[in-house]
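Coordinate inspection notes
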Amino acid sequence: MGRLLTLLRVILLGRHSSGFLAVCRREHRTLTRVKAFEASITDGNEVKISSVEGAARNWMERIADREGRDHGTGAYTVVRCEANFDNDEDMKWGYWGLEDFHLQRLASSFRLLLRHRGVCSEDDFDELKQKTRIVADTLLREAKHLEAPVLMLTILWTPTPGELEISPTLSPRVRGHVAVANVSDKLSEPITACLALPTEPTGEALALLPSRQKRSCEVGPSAKISAWCTSRRPLEGVRFKPQGVGEVLLVRKRADVGGEFDFIASLEVLEGLVSNIFVIYADGTVRTACTNSVLSGYARGVVLQSISSCPGLRAVETAATLSDAREGMWNEVFVSSAIRLIVPVRKVILPPMNDSDCGRCLWNNEDKSQDMTRTIFDAIKSSKARFIHPAAL
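Residues numbered from 1 in each chain as written. Predicted model: local features only at pLDDT ≥ 70, side-chain atom pairs only at ≥ 80, totals over all residues. Heavy atoms only, no water.

1. A closer look at the overall build of the protein
Here is the rule: Helical segments are the DSSP runs of H or I of at least four residues, strand segments are the runs of E of at least two, and each set is numbered from the N terminus. Burial status follows relative accessibility: with a 1.4 Å probe on protein chains alone, a residue under 20% of its type maximum counts as buried, one over 50% as exposed, and anything between as partly exposed. We call two residues in contact when some of their heavy atoms are within 4.5 Å. Only the protein chains shown count as cover for residues, with accessible areas throughout obtained via the Shrake-Rupley method and a probe of 1.4 Å.
What the protein contains, in helices and strands, is 10 helices and 16 strands. In the protein, buried positions account for 53% of the 393 residues. Put simply, of all contacts in the protein between residues at least 6 apart along the chain, 70% involve residues at least 24 apart. When the accessible surface of the protein is split by element, carbon and sulfur atoms take 51% of a total near 18,800 Å².

2. Quick notes on the nonpolar core
Here is the rule: In plain words, nonpolar cores are sets of buried Ala, Val, Leu, Ile, Met, Phe, Trp, Tyr and Cys residues tied together by side-chain atoms within 4.5 Å.
Ranked by internal contacts, the top residues of the largest apolar core, which has 36 residues, are Tyr95, Leu151, Leu153 and Trp157. Mapped onto this core, the elements with two or more residues apiece are β1 (36-41), β3 (75-86), β4 (90-96), α4 (98-116), α5 (126-143), β5 (150-158) and β6 (173-180). The element contributing the most residues to this core is α4, with seven residues. Judged by nonpolar contacts, the second largest core, of 34 residues, contains Leu235, Phe263, Val333 and Val345.

3. Considerations on the confidence of the model for the protein
The predicted structure's coordinates, where accompanied by low pLDDT, should not be read in detail. Quick reminder of the rule: By definition, pLDDT measures how confident the predictor is in each residue, and it falls between 0 and 100.
The predicted model of the protein averages 85 in pLDDT, with 85% of residues at 70 or higher. Taken as a whole, residues 1-34 scores under 50 in pLDDT and shows 20 contacts with residues more than four places along the chain or in a different chain.

4. What to know about the pairing of strand β13 (residues 330-337)
Selection rule: Paired strands are those between which DSSP finds at least two bridges.
Burial analysis of β13 places seven of its eight residues in the buried class, the great majority of the element. Across six bridges, strand β10 (residues 276-281) lies against β13 in antiparallel orientation. The residue of β13 that forms the bridge with Ile280 is Glu332. Relative to strand β14 (residues 341-350), β13 is paired through five bridges, and the arrangement is antiparallel. Bridged to Ser337 within β14 is Leu341. The antiparallel pairing of β13 with β14 creates a hairpin that spans three residues between the two strands.

5. Looking at the pattern of salt bridges
Going by this rule: Just to be clear on terms, a salt bridge is a Lys or Arg side-chain nitrogen sitting within 4 Å of an Asp or Glu carboxyl oxygen.
Scanning all chains against the criterion turns up 19 salt bridges. Across the pair Arg175 and Glu67 runs a salt bridge whose closest N-O atoms are separated by 2.7 Å. You can see Arg175 sitting in strand β6 and its partner Glu67 sitting in helix α3 (residues 56-72), a full 108 residues away along the chain. The class for Arg175 is buried, based on a relative accessible area of 4%. The exposure class of Glu67 is partly exposed, given its relative accessible area of 24%.

6. Side note on a negative patch on the surface
This is how the line gets drawn: Candidate patch residues must exceed 30% relative accessible area and have no salt bridge, after which like charges are joined if within 9 Å and Val, Leu, Ile, Met, Phe, Trp or Tyr side chains if within 5 Å. Charge convention: Lys and Arg are scored as positive, Asp and Glu as negative, and His as well as the terminal groups of each chain are ignored. Positions of charges follow a simple convention, taking NZ of Lys, CZ of Arg, CG of Asp or CD of Glu.
A surface patch of negative charge is lined by Asp43, Asp123, Asp124, Asp126 and Glu127. By secondary structure assignment, the location of Asp123 is in the loop between α4 and α5. Given a relative accessible area of 33%, Asp123 falls into the partly exposed group.

7. Brief notes about the packing of aromatic side chains
In plain terms, the rule: Each pair of aromatic rings taken from Phe, Tyr and Trp, with Trp reduced to its six-membered ring, is defined by centres within 6.5 Å and is described as stacked if the planes are under 30 degrees apart, edge-to-face if over 60, and tilted in the remaining cases.
Under the counting rule described, the total for this entry stands at seven aromatic pairs. With 5.5 Å between their ring centres and 85° between their planes, Phe110 and Phe125 make a pair best called edge-to-face. In this pair, Phe110 sits in helix α4 while Phe125 sits in the loop between α4 and α5, placing the two residues 15 residues apart along the sequence. The exposure class assigned to Phe110 is buried, which follows from its relative accessible area of 0%.

Printed below as a string of C-alpha cells:
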C-alpha cells in the first residue's frame, strides 16, 4: 500500500516532473519482483506457471511432503541458463548441456528409480523429454524480466499415481523451477570445505553418516534423486557447515587399507554434497573419483573435457586420498557444479571431534596461487559455445 501511495503522490504533485518515470519504473519493478517461478505440464502439453517463494530444494521437499515418498520423490537435474548479448542489444538465452546431458540423465535416473521400486522399464522417455523442453522454455520466457545474466533451472520428474502399481508406461509428471543464480561470469571466490567425519573415528561410525549409497537416497550414487535434498540435511548442521564453510566433502575408507590403520590416512575423498571435487597434484595430475562411486555431474564432464586442452595437466578418475594431502602432494583443490562451474577451495578442514575440539586444518592453499584452477576455468569459458544449447524463446 505504501508503494501505491508513493506513486499516487507523484502523479498528483507533478505528472510531468522529471522523476515521475523513474519512480514509476522503480516502483513497478519492486511491486512485480518475483524470486522464482514453478511450472507443470499436462498430458495435452498445457503449461501451468506461477510464482513461488524459496529455493528449488525447498520446492522439491514441499512436493515430497505433499504427495508422499512414492509419488513426490523423483529424478531431477539442475541446468545453468545463461544470457548472451549480440551487439549489446539482442539478448539470447541458452542452456548448458540440456540436450546432450541433462535430458539423458533425467531418463536414466528415472529408470533406475522405477527399477528400485520394482518397475522395469526400457523406455527412452522421448515424450517426457519433449515436455521438459516445453517447460524449460516456458519458465525461461517468464523469468527473462528478472534481468539476471544466469538463471538456475531445476527439472523434476515424479511418478504419477498408479504408475508403480499398474504400468511403467504411464507418464510421470514433469515440473520445473527457475530462479536467479547468484553467480557471475568470473571465477568464484575460494571457499573452505569440511570433511564429513563422525565423532568416533571408525569405519562403522562413518557408515552411519548420510551418503548417496544408502537406501534413503533411493538408488545410490549414479542417479540424481530428490530424496538426497532431505537425506543430506544432517551434514549441513553447525558441526560440518559453520559460518565460512561452503561445502561438505564425503569420504570413504580406501579399499587398499586393512588391519590397523590411521583413520584419517585411510580415507579417500569422493564428492561434495552438491558438487564433484577435483584435486590437482604437484605433478599436474588432476584426480577425481570415478563415476561408479559418485554422481557424475554435468560440470564434472565439462571439466574433464577442458583439462585435455590445458598443457601440463592430465585427468585421472581416481579418488584423491587424505594421506596424500597430509604429505603435501595436493597442490590445488576445486569443486564443480552445474551452476557455478568451478569453485576454488582454499582450505579443507576436519569437523570438531568433541566439545573441546575446534576442528583442525587438513590442507590449505591460502599462501599459494590458484593458477591451474584458473587455467581450467578459462578453458571452459573460452569454449562455452560448444556446451550451450539455444533456448527456443
